[in-house]
Amino acid sequence: MYKFLSILVLLASCLAQDDGGDLESIIKQLQNQNNGQNGATQAPQASTLVPSIVNNNADDGDKSCMTADNQNGECVPYYLCGANDTIINDGVGIIDIRVKDGECKSYLDTCCLPPDRQTPDNPITPAPPAKNREGCGWRNPDGLGFRITGAADGEANFGEFPWMVAILKIEPVNENEPNGQKLNVYVGGGSLIHPSVVLTAAHYVSNGNQLRIRAGEWDTQTKNELYPYQDRDVKEVVVHKDFNKGNLFYDIGLLFLASPVDAAPNIGVACLPSPGVRAVGGKRCLASGWGKDHFGKEGRYQVILKRVEVPVVDRARCQQELRKTRLGKYFELHSSFMCAGGEAGADTCKGDGGSPLVCPSEYEKDRYIQHGIVAWGIGCGDQTPAVYVDVGHLRSWVDDKVRGHGYDEKVYTYLD
């Protein structure tokens, strides 16, 4: 997203820039490098598209460090360090977004006082248990276990959007050895609407590639988060029968997983609007993803999940704005689309396709309904509204396919 979104690459520092960020060129470079990483289906692992951050808890090396007030401390995972820089076990803490710029090797570790040097008269109060939230669409605006500070470019908190998934295609490192080592190559975004079903844009998944989804991902460079991500292979891809690759009409698809995703604090399902219900113009909604921060060659895919707030744009106004672009004065916005955005510097971008646009419920705080799927736009962040698949308009199609595979649509149905 502009000043904000997509996944699996901090390539600005680890790959040559001559390709201008083109994904296919990046893939070729990675294949040539043959870094030997493995694409296991179930076990969490660092992304095959980025260099792993060193996990300084993986060995018995020196973990000594100096706290901010110059006391001898020990490097521990961020979620074990709480008030007064003392080690805790309830995951509460605050970190700054940074990479290897502090005392500890991993930015998800922080310098903390061991138990024998903690101050007894400053007891740590455990965080209150999270309230029981049943059903779909629950956002965690403050994240899980910690919240980030210094998020100047729209970084989402860990676990903020539990329904967000990354869609990966499985490719051999060496195309002449199809049964050899595999790469997980980022394709686009999607949303978990059922433990066994992902909703996404058809144009990313209609080409028949072998696909995998990753739920619960946040920072694609590390697996040190409090809760791990989960990978699942895609058993079947279903796209709308009227999907048109040329103009992206009916740009909607469902991924049915080989096995369901397990319930976890950082993984949940999105709510969908009732059939035929469209988002109201002017409503402030949130899009999330790992897409490019700029359009064109200078754009780079994002490492940490990003979010951006955009207003829903009335269909008539959106069509009028799009007619001012190269689309021409006779352009007609298809009924399967909706629009959002149009504000400078706030937009989705290349690589965000398939990612969800969610709008807040009118009745419950922190509960959201997915009204859009990132589809296409004219550039990124230049005050022209972006175009999204209208989920409410196509909800009946989703229900039909989900029921046809033996799953219950009530899982993603919002009941106020």
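Whatever comes next refers back to the structure up there.
These remarks concern the structure in this document. Starting from 1, residues in each chain are numbered consecutively following that chain's sequence as written. Selection of residues for local features in this predicted model requires a pLDDT of at least 70, selection of side-chain atom pairs for listing and counting requires 80 or more, and totals for whole chains, interfaces and linings are taken over all residues. In computing side-chain values, all of the structure's heavy atoms are included and hydrogens and water are not.

Helix and strand assignments come from DSSP, with helices taken as H or I runs of at least 4 residues and strands as E runs of at least 2, each series counted from the N terminus. Tallying secondary structure elements over the protein chain gives 5 helices and 17 strands in all. By residue count, 52% of the 416 residues in the protein chain fall in the buried class. Taking the intrachain contacts of the protein chain between residues at least 6 apart in sequence as the baseline, contacts between residues at least 24 apart amount to 73%. In these tables, accessible area is a Shrake-Rupley quantity obtained with a 1.4 Å probe, and a residue counts as shielded only by the protein chains included in the view. Here the protein chain has roughly 18,200 Å² of accessible surface; of this, 47% comes from carbon and sulfur atoms. The cut-offs for exposure are 20% and 50% of the maximum accessible area for each residue type, with area from a 1.4 Å probe on protein chains only; residues under the lower value are buried, those over the upper are exposed, and the others partly exposed. We call two residues in contact when some of their heavy atoms are within 4.5 Å.

Each aromatic pair joins two rings of Phe, Tyr and Trp (for Trp, the six-membered one) with centres within 6.5 Å, and gets the label stacked for planes under 30 degrees apart, edge-to-face for over 60, and tilted for any other angle. For the coordinates displayed, the defined rule picks out 6 aromatic pairs. Relative to tryptophan 163, the ring of phenylalanine 161 has its centre 6.0 Å away and its plane inclined at 65°; by these criteria the two rings are edge-to-face. In this pair, the class of phenylalanine 161 matches that of tryptophan 163, namely buried. Where phenylalanine 331 meets tryptophan 376, the ring centres are 6.1 Å apart and the plane angle is 85°; that geometry is what we call edge-to-face. With phenylalanine 331 in the loop between helix H4 (315–322) and strand S14 (337–341) and tryptophan 376 in strand S16 (residues 368–376), the pair connects residues that are 45 residues apart, well separated along the chain. Overall, the relative accessible area of 16% leaves phenylalanine 331 in the buried class. Grouped by ring-pair contacts, the aromatic residues Phe249, Phe331, Phe337 and Trp376 constitute a single cluster. For the cation-ring pair, arginine 214 lies above tyrosine 229, with the distance from its terminal atom to the ring centre recorded as 4.0 Å. Two conditions define a charge located above a ring, namely a distance within 6 Å from the ring centre to NZ of Lys or CZ of Arg, and an angle within 35 degrees of the ring normal.

With that out of the way, let us pick up the sheet that holds strand S11 (residues 253–257). Taken together, the 6 strands give a closed barrel; going around it, the order is S6-S7-S8-S11-S10-S9, and neighbouring strands pair in antiparallel fashion. Within the sheet, the average angular offset between the axes of one strand and its neighbour, ignoring direction, is 45°. We treat two strands as partners when DSSP finds at least two bridges between them. In this structure, strand S7 (residues 182–194) lies alongside strand S8 (residues 197–200), joined through 3 bridges in antiparallel fashion. Of the residues in S8, the one forming a bridge with histidine 194 is valine 197. Axis lines are fitted through C-alpha atoms, for helices just across the contact stretch, and the angle between N-to-C directions can take any value from 0 to 180 degrees.

The next point concerns helix H5 (residues 395–404). Listing the buried residues of H5 in full gives Arg395, Trp397, Val398, Asp399 and Val402. Looking at the buried positions of H5, the neighbouring elements they touch are S7, S8, strand S10 (230–239) and S11. Backbone geometry just after H5 places glycine 406 at a positive phi near 85°.

In the Ramachandran plot, leucine 248 falls in the positive-phi region, its phi being about 65° despite a non-glycine side chain. With respect to the helices and strands, the residue leucine 248 is situated in the loop between S10 and S11.

Turning our attention to the sheet that holds strand S15 (residues 356–360). With antiparallel pairing, the 6 strands of this closed barrel are ordered in space as S12-S13-S14-S17-S16-S15. Taking the axes of each pair of neighbouring strands and ignoring which way they run, one obtains an average angle of 45° across the sheet. Strand direction decides the pairing type here: strand S12 (residues 284–289) and S15, joined by 2 bridges, are antiparallel. Paired with leucine 286 across the two strands is valine 358, which belongs to S15. Seen against the sheet, H4 touches strand S13 (306–313), S14, S16 and strand S17 (385–390) and runs at an angle of roughly 130° to S17.

Here we come to the state of the cysteines. When two cysteine sulfur atoms lie within 2.5 Å, the pair is treated as a disulfide. A full pass over the atoms with the stated rule returns 3 disulfides. There is a disulfide in this structure between cysteine 318 and cysteine 339, and the S-S distance comes to 1.9 Å. With the S-S bond torsion at -70°, the cross-link from cysteine 318 to cysteine 339 turns out left-handed. Of this pair, cysteine 318 sits in helix H4 while cysteine 339 is found in strand S14, placing the two residues 21 residues apart along the sequence. Residue classification places cysteine 318 among the buried residues on the basis of a relative accessible area of 0%.

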